[in-house]
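Report on the structure
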Amino acid sequence: MRTAAGEVWEDKTLAEWPENDFRLFCGDLGNEVNDTVLAKAFAKYSSFAKAKVVRNKRTQKSKGFGFVSFLDPFDCAAALREVQGKYVGNRPIKLRRSSWQQRELNDKTTKKRKALKKGMPVKIKNSRMRF
């Protein structure tokens with residue numbers, strides 16, 4: 001489940017990814033980088049599963065970032081160390097661990113958002129409430 005602008009929906013694109021994978025966020029990608037080019041940069045890792053460049057749905061231009069998926073956490077960590085700053089296309093790639101799992105909705109988050117939407121006070125344990 002995903003949420004944005006007060007709407008909650010099931011994201012069908014999550015089904016395209018392997019279950020319980022380890023993902024890296026790939027930033028600063030040029031417009032010439034597509035799924036195949038990104039996949040080639042990570043193909044040497046045995047547990048590499050998928051690469052996806054995020055594109056504008058209407059124009060199909062790259063948004064400048066993408067994701068790669070690994071089945072083994074050690075391959076993911078090795079790729080993060082070894083590929084960081086290497087040229088993929090015309091630019092050096094910037095890698096980070098993806099936080100896609102933190103974006104999943106759970107009951108606590110949903111209740112807090114509903115309360116905030118209604119203007120009710122909400123108890124927050126720490127100062128960083130993640131949406």
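Here we summarise the structure given alongside this text. (Residues numbered from 1 in each chain as written. Predicted model: local features only at pLDDT ≥ 70, side-chain atom pairs only at ≥ 80, totals over all residues. Heavy atoms only, no water.)

**Quick look at the pairing of strand S4 (residues 48–55)**
Heads up, the rule is: Here, strands pair whenever DSSP counts at least two bridges between them. By the criteria applied, helices consist of DSSP H or I runs no shorter than four residues and strands consist of E runs no shorter than two, each listed in order from the N terminus.
Where S4 meets strand S5 (residues 62–70), six bridges bridge the pair, whose relative direction is antiparallel. The residue of S5 that forms the bridge with Arg-55 is Ser-62. From the end of S4 to the start of S5, which pair antiparallel, there are six residues, and Gln-60 there has a positive phi angle of about 65 degrees.

**Considering the nonpolar core**
As a reminder of what qualifies: By nonpolar core is meant a set of buried Ala, Val, Leu, Ile, Met, Phe, Trp, Tyr and Cys residues that side-chain atoms within 4.5 Å join together. Whether a residue is buried, partly exposed or exposed follows from its accessible area with a 1.4 Å probe, protein chains only, as a fraction of its type maximum: under 20%, in between, or over 50%, in that order. Note on contacts: a residue pair qualifies if any of its non-hydrogen atoms lie within 4.5 Å across the two residues.
Membership of the largest hydrophobic core comes to 19 residues, with the highest contact counts inside it found for Leu-38, Phe-42, Val-68, Phe-70 and Ile-93. Broken down by secondary-structure element, the contributors of at least two residues to this core are strand S3 (22–27), helix H1 (35–42), S4, S5 and helix H2 (73–83). The leading source of residues in this core is H2, at four residues. Leaving out residues up to four positions away in the same chain, Leu-38 has contacts with Cys-26, Leu-29, Val-33, Ala-51, Lys-52, Val-53, Phe-67, Val-68, Val-88 and Ile-93.

Taken by themselves, the reported measurements are silent on function.
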